[in-house]
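As a plain string of letters, each chain reads:
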Amino acid sequence: MRTEPKPTRLDRIFARLDREPQRPVLDVPRMTRHRVVLFGATLAFYLTIVLAVVTTSWLVRLDWQAMLFRPYQQWPEIHAFLDYWVVLGQRGPTAVMVAAWLGWRCWRQHTLRPLLAFGAALLLLNVTVGAVKYGLGRSGPHYATEVGSNEMWHWFQAGSDIFPSGHTANAVVTWGILAYLASTPSARRWLSALSAVLSLSVGLTTVYLGTHWLSDVLLGWAAGLLVLLALPWLEPTIATAEAWLFTQRDRLRARLRARRGALPMPEPVLLTSVQAPAAEEEPAPLREIVPPTAARPSRTSALLAPGPHTSRSERTPVAPAGSRRPPHPDRLARGTAGQAARPRTRGGVRSRKHH
């Protein structure tokens with residue numbers, strides 16, 4: 001009995017993907033009133049952090065307390081693990097991973113919106129965070145010169161571009177874009193929780209390693225969240241860019257088809273057996289076609305003896321004399337049917353063969 005193999009989990013996943021529509025109706029987020037309120041609150045928090053650091057308030061004292069505590073010396077057993085964990089906030093590796101996933105989604109859904117939205121988010125992040133980094137010029141904990149100072153306006157010193165934290169802001173945008181582009185509300189909730197945990201852990205890891213102040217992490221969280229909340233304002237631009245790219249693709253295809261149609265089609269070549277031409281070959285003699293009903297005349301040869309000869313068709317078949325079997329002393333020759341069979345002896349005892 002033949003049984004079908006049990007499908008694995010990967011087979012079930014691909015079977016479910018095959019049932020997905022090629023062009024699904026995507027739920028594009030809009031700039032609702034709730035999102036506008038959340039954007040305004042996050043922007044107010046962002047400006048408050050910047051003002052607290054510029055005025056050297058209690059937040060700066062908290063930064064110095066966390067730095068002098070030296071968490072990497074308090075828990076050295078997790079230092080090696082957190083060195084790898086902080087990579088989840090680096091722009092290069094995370095952008096490649098997320099872009100690969102979004103590119104596969106673009107191929108499945110026949111749309112460019114996921115990759116265009118991700119590119120717009122990264123561009124907006126680089127512009128906003130980069131401008132604040134180089135505009136404020138704050139030095140990191142490893143480059144601090146005076147205890148208790150805010151370490152601001154050090155534009156021409158090494159390590160003076162750490163406010164806000166780029167690792168934290170990049171983790172918020174890179175992993176949060178997956179929740180932003182989710183197609184179902186349940187997937188959006190789960191991915192939002194996952195991106196929040198990743199961005200919080202990456203930010204605290206930079207504080208543990210001593211590469212950022214605590215206020216850098218707070219401002220990085222706010223900067224990444226502002227980028228995600230502002231993406232609905234860029235959706236019309238993303239849709240326009242997608243339509244333009246598809247138009248250019250269709251024009252390119254039309255040009256290629258027109259170019260192929262303008263070229264002359266090559267004549268079909270019949271594949272035959274290649275034979276080398278014979279040099280000065282004599283023509284073959286013509287053979288006389290004899291119908292199958294006509295009697296073939298008898299051939300005479302000069303090698304035959306003189307006298308009348310009969311054709312092969314007039315001869316009577318003659319059986320060959322003798323037998324083709326090998327000779328045997330107890331076997332009788334052909335033509336001696338009336339004779340009795342000789343008794344055979346086996347081991348000195350006479351035996352008779354019964355028929």
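Residues numbered from 1 in each chain as written. Predicted model: local features only at pLDDT ≥ 70, side-chain atom pairs only at ≥ 80, totals over all residues. Heavy atoms only, no water.

Participant: I'm lost on the side chain of E235 in this one. Help?
Facilitator: Relative to the helices and strands, E235 resides in helix α10 (residues 214–262). Reaching out from E235, the side chain makes a polar contact with the side chain of Y180 at a distance of 2.7 Å. Those residues in contact with E235, other than ones at most four positions away along the chain, are V28, P29, R113 and Y180. (Helix = DSSP H or I, 4+ residues; strand = E, 2+ residues; numbered from the N terminus. Polar contact = N/O pair within 3.5 Å; in protein donor to acceptor, adjacent residues only side chain to side chain. Contact = heavy atoms within 4.5 Å.)

Participant: Which parts of the structure should I look at to understand the environment of I177?
Facilitator: Tracing the chain through its elements places I177 in helix α8 (residues 166–180). Between the alpha carbons of I177 and L228 there is a distance of 7.2 Å; along the sequence they are 51 residues apart. Residues in contact with I177, not counting those within four places in the same chain, are V98, A117, F118, A121, L228 and L231.

Participant: I'm lost on the nonpolar core in this one. Help?
Facilitator: Judged by nonpolar contacts, the single largest core of 49 residues is most densely connected at Y46, V98, F118, F163 and I177. Listed by contribution, the elements that provide at least two residues to this core are α2 (33–54), α3 (58–69), α6 (91–109), α7 (113–136), α8, α9 (185–209) and α10. Sort the elements by how many residues they give to this core and α10 lands first, with twelve residues. When neighbours within four sequence positions are excluded, F163 is seen to be in contact with I49, V50, V53, V132, K133, L136, R138, S215, D216 and L219. (Core = buried A, V, L, I, M, F, W, Y, C linked by side-chain atoms within 4.5 Å. Buried < 20%, exposed > 50% of the residue type's maximum accessible area, 1.4 Å probe, protein only.)

Participant: How do you make sense of the packing of aromatic side chains when you look at a structure like this?
Facilitator: Aromatic rings considered in pairs are described by the distance between their centres and by the relative angle of their planes. Across all of its chains, the model carries six aromatic pairs by this definition. Look at F39 and W233: their rings are 5.3 Å apart centre to centre, the planes differ by 75°, and that puts the pair in the edge-to-face class. Residue F39 is found in helix α2, and its partner W233 is found in helix α10; the two are separated by 194 residues along the sequence. Overall, the relative accessible area of 48% leaves W233 in the partly exposed class. Over the ring of F163 we find R138, and its NZ or CZ is 5.2 Å from the ring centre. (Phe/Tyr/Trp six-rings, centres within 6.5 Å; stacked < 30°, edge-to-face > 60°. Lys NZ or Arg CZ within 6 Å of the ring centre and 35° of its normal.)

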